[in-house]
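Here are the chains, one letter per residue:
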Amino acid sequence: MSRENSLVSAQWVEENLDNPKVVLIEVDEDTTAYDKGHIKGAIKLDWTTDLQDQVRRDFVNKAQFEALLSERGVANDDTVVLYGGNNNWFAAYAYWYFKLYGHQDVKLLDGGRKKWELDSRELVGELPSREATSYTAQEQDLSIRAFRDETVAAIGTQNLVDVRSPDEFAGRLLAPAHLPQEQAQRAGHIPTAANVPWSKAANDDGTFRSDDELKEIYTEAGVDWSKDTIAYCRIGERSSHTWFVLKELLGQDNVKNYDGSWTEYGSLVGVPIALGDEPGEA
Amino acid sequence: MCGATEGGLSLNGINTDIEAIVQGQVTKGGEPVSTGYVRLLDRTGEFTAEVPVSATGHFRFFAGDGEWTLRTLVPGAEPVDRKVQAAVGSIAEVEIAV
C-alpha cells in the first residue's frame, strides 16, 4: 500500500461529493457528531452498535457485516472514504475493519472531520438516501488482527507498539483523559512494548506526517523493521491509526492490530505487566 | 465544586471524588466558540487527549494529579496554551479566550 492508495485529501473529497461510486462514511467516537452535521452525502456507521456484536465482546460476523453494508447501500466495487473526529481514531478503526472483511477500495480522509472543520468546509444536516445493495464480504483476514495469546507470545520477540499516551503507558492513567478513569483493570503496559503515542504520527490538524518523518519516529522509538509488529492501545481504535501508518502508509509487512488491547490484556490473570516509563524486561 | 456545571457540561453519573477534572469554556470576542478543539498535553508537552468543544464552547478532561497544558484549536484563531494544575477530587475551571 502507499499514501496514494489509502489516503485522500479534503480537496479530493470535495471534488468527488457527487461521484456515485464514492461512499463517504463518518465514524466517530462521539456517535452523535454525525447528527449535528456531516459532509454532504456521507452515511454514518455507529462503532458501538453497527460494528460490535451486542452480546459477546467481538465484531459483527461476516453475515452481519454483509447485511449492514447492503442495507446502507455500499457496494463491493464502491470506493469507501472514511472520516471521523478525534483525528480519525474510529475512522481508522473502521478502515482496518473494512480491510479485515476484504473491502478492496477503502481510503481515509486525511485529517478527518477536524481538518474539515478547521478549514471551515461545509457540513450539512440532510440525510442521504442510498439504494440497498447485495454486499459480499470475505472471511476475516487474520493476518492483520492479533489475539491475546499471540500478543503474550510476542513479548521480547516481536515489536509491540503501545500507542497510548505516556501516562497510560506508565500506569498513571487507565484511560484516555477525555474519558472517566473508572476502569476495573490493572494499569501499565505489556513488557518490552515501545511507547509511541499515536499522536506522534499526526500533525495538530489531524493530517498524517510525511513518510520520512513517520519512519524516523518509529525507528527512534526502537521499532525493528525486520520484525513483525503488533500495535495496541486501550480498545483497538488508536492502534488502528498506528496500524494504518505502519501497514498502509509505510508499507510494512506483518503488522497486526490487537483489538482486545489494554482492556483485555490488563484484565488477564497471570500475564506480566510493566509499570513506569521504560519498556521493561521480557 | 459548586457551579461546576453552571452553563457547562453535566457531571451526572460521574464520581467526582476519584477524578481530577479539568474543564472550562473557550470564547472568542466574548462569545462562546461552537466549533473547535481543546487538547490536553502532559507535563512533557506530549499529547494526552483532545475533545471537540460543545455548542456552548465547553470542554472537559479527566486527568491525573499534576500540571497539564490545555491548547486550543479554533478555526481562524491562533492556538492558545494555558497551564492548569489538576488534583483528584477537585475540578479545575479554565476559561480560555482565543
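Per chain, residues are indexed from 1 in the order of the written sequence. Just so you know, chain letters begin at A and ligand numbers begin at 1, following the order they were written in. It should be noted that, the model being predicted, local features are given only for residues of pLDDT at least 70 and side-chain atom pairs only at 80 or more, the latter also being counted only at that level, while totals for whole chains, interfaces and linings use all residues.

K.L.:
What exactly am I supposed to notice about helix 9 (residues 238-249) of chain A here?
P.N.:
Three or four residues apart is the spacing at which side chains of an α-helix point the same way, because the helix has 3.6 residues per turn. All names here are of chain A. The first and last C-alpha atoms of helix 9 sit 16 Å apart over 12 residues, in line with the 16 Å expected at 1.5 Å per residue. Along helix 9, 12 of the 12 residues are buried, which leaves the element largely enclosed by surrounding structure. Turning to helix 9, its buried residues are Arg238, Ser239, Ser240, His241, Thr242, Trp243, Phe244, Val245, Leu246, Lys247, Glu248 and Leu249. For helices the rule is a DSSP run of H or I covering at least 4 residues; for strands it is a run of E covering at least 2, with both sets numbered from the N terminus onward. Just past helix 9, the residue glycine 251 takes up positive phi, approximately 70 degrees. What a helix should span is 1.5 Å times the count of its residues minus one. Around each residue's C-beta, the other C-beta atoms within 10 Å are counted; 20 or more make the residue buried, 12 or fewer make it exposed, and counts in between make it partly exposed. All C-beta atoms are placed from the backbone.

K.L.:
Any chance you could explain helix 4 (residues 85-100) of chain A here in plain terms?
P.N.:
All names here are of chain A. Taking 1.5 Å of rise per residue, the 16 residues of helix 4 would be expected to cover 22 Å, and the 22 Å separating its terminal C-alpha atoms lies within 8% of that figure. Of all 16 residues making up helix 4, 16 are buried, and the element is well covered by its neighbours. Positive phi shows up at glycine 102, right after helix 4, with a value of about 80 degrees.

K.L.:
It is not clear to me how the confidence of the model for chain B should be interpreted in this structure. Could you clarify?
P.N.:
Interpreting fine coordinate detail is not advised for predicted regions of low pLDDT. Residue and element names in this part refer to chain B. The predictor rates its confidence in each residue with pLDDT, a number between 0 and 100. Confidence in the prediction for chain B averages 88 pLDDT; 93% of positions are at 70 or higher. When the criterion is pLDDT under 50, residues 1-6 qualifies, and its contacts beyond four places in sequence or with other chains add up to five contacts. With a pTM of 0.89, the predicted complex shows an ipTM of 0.73. We call two residues in contact when their backbone-placed C-beta atoms lie within 7 Å.

K.L.:
Looking at this model, I keep getting lost on the nonpolar core. Mind explaining?
P.N.:
In a soluble, globular protein the nonpolar side chains are often hidden away together inside. In terms of nonpolar packing, the biggest core is built from 64 residues, with A:Ile25, A:Val81, A:Leu82, A:Ala91, A:Ala94, A:Tyr95 and A:Ala231 touching the most fellow members. With 11 residues, the single largest contributor to this core is helix 4 of chain A. Residues lining this core come from more than one domain, with at least three contributed by each of domain 1 (3-118) and domain 2 (145-265) of chain A. In contact with A:Ala94, other than residues within four places in its own chain, are A:Ile25, A:Val27, A:Leu45, A:Trp47, A:Leu51 and A:Leu82. To count as a nonpolar core, a set of buried Ala, Val, Leu, Ile, Met, Phe, Trp, Tyr and Cys residues must be joined through C-beta atoms within 7 Å. Membership of the second largest hydrophobic core comes to 27 residues, among which are B:Val26, B:Val33, B:Val38 and B:Val53. These domain limits were set by an automatic method or by a database of domain assignments.

K.L.:
Even after reading the chapter, I still don't get the UniProt feature "domain: Rhodanese" (unreviewed entry) in chain A, so can you show me in this structure?
P.N.:
UniProt positions are given in the numbering used here, feature names are shortened, and annotations may be inferred rather than shown by experiment. According to UniProt, the feature "domain: Rhodanese" (unreviewed entry) maps to residues 18-125 and 154-274 of chain A in the numbering used here. Within the segment residues 18-125 of chain A, helix and strand shares are 31% and 15% respectively, and the terminal C-alpha atoms sit 16 Å apart.

K.L.:
In this structure, what is going on with the sheet that holds strand 3 (residues 37-41) of chain B? I would like to understand it.
P.N.:
In any sheet, the strands associate via hydrogen bonds between backbone groups, in a parallel or an antiparallel arrangement. Residues and elements named next belong to chain B. Strand order across the open sheet formed by four strands is 4-3-6-7, with antiparallel pairing between neighbours. Sheet topology places strand 4 (47-52) and strand 7 (81-86) at the edges, where each strand pairs with a single neighbour. The sheet shows a mean angle of 25 degrees between the axes of neighbouring strands, taken without regard to direction. As defined by bridge partners, strand 3 adjoins strand 4 across five bridges and the pair is classed as antiparallel. Criterion used throughout: strands pair if DSSP finds at least two bridges between them. Comment: axis = line fitted to C-alpha atoms, over the contacting stretch for helices; angle = value between 0 and 180 degrees taken between N-to-C directions.

K.L.:
I tried to follow the sheet that holds strand 7 (residues 159-162) of chain A on my own but got confused; where do I start?
P.N.:
Residue and element names in this part refer to chain A. Overall, parallel pairing links the five strands, which are arranged 6-10-9-7-8 in an open sheet. The two strands at the open ends of the sheet, each matched to only one other strand, are strand 6 (145-146) and strand 8 (194-195). Bridge count between strand 9 (residues 229-232) and strand 10 (residues 255-258): three bridges; the pairing is parallel. The residue bridging alanine 231 from the neighbouring strand is asparagine 257, located in strand 10. Packing of helix 9 onto the sheet brings it into contact with strand 7, strand 9 and strand 10, and relative to strand 10 it is tilted by some 175 degrees.

K.L.:
Sorry, what's going on with the pairing of strand 5 (residues 106-109) of chain A here?
P.N.:
Remark: a regular strand shows side chains that alternate across the two faces of the sheet. Residue and element names in this part refer to chain A. On strand 5, burial covers both faces: Val106 and Leu108 on one face and Lys107 and Leu109 on the other are all buried. The pairing of strand 1 (residues 7-8) with strand 5 spans two bridges and is classified as parallel. Each residue of the ladder has a partner; that of valine 8, found in strand 5, is leucine 109. Summarising the sheet, strand 4 (residues 79-83) and strand 5 pair through three bridges and their orientation is parallel. The partner of valine 80 across the bridge, within strand 5, is valine 106. Here the term right-handed applies to a crossover when the path leading from its first strand over the helix to its second strand runs clockwise, the strands being oriented away from the viewer. For the segment spanning strand 4, helix 4 and strand 5, crossover handedness is right-handed.

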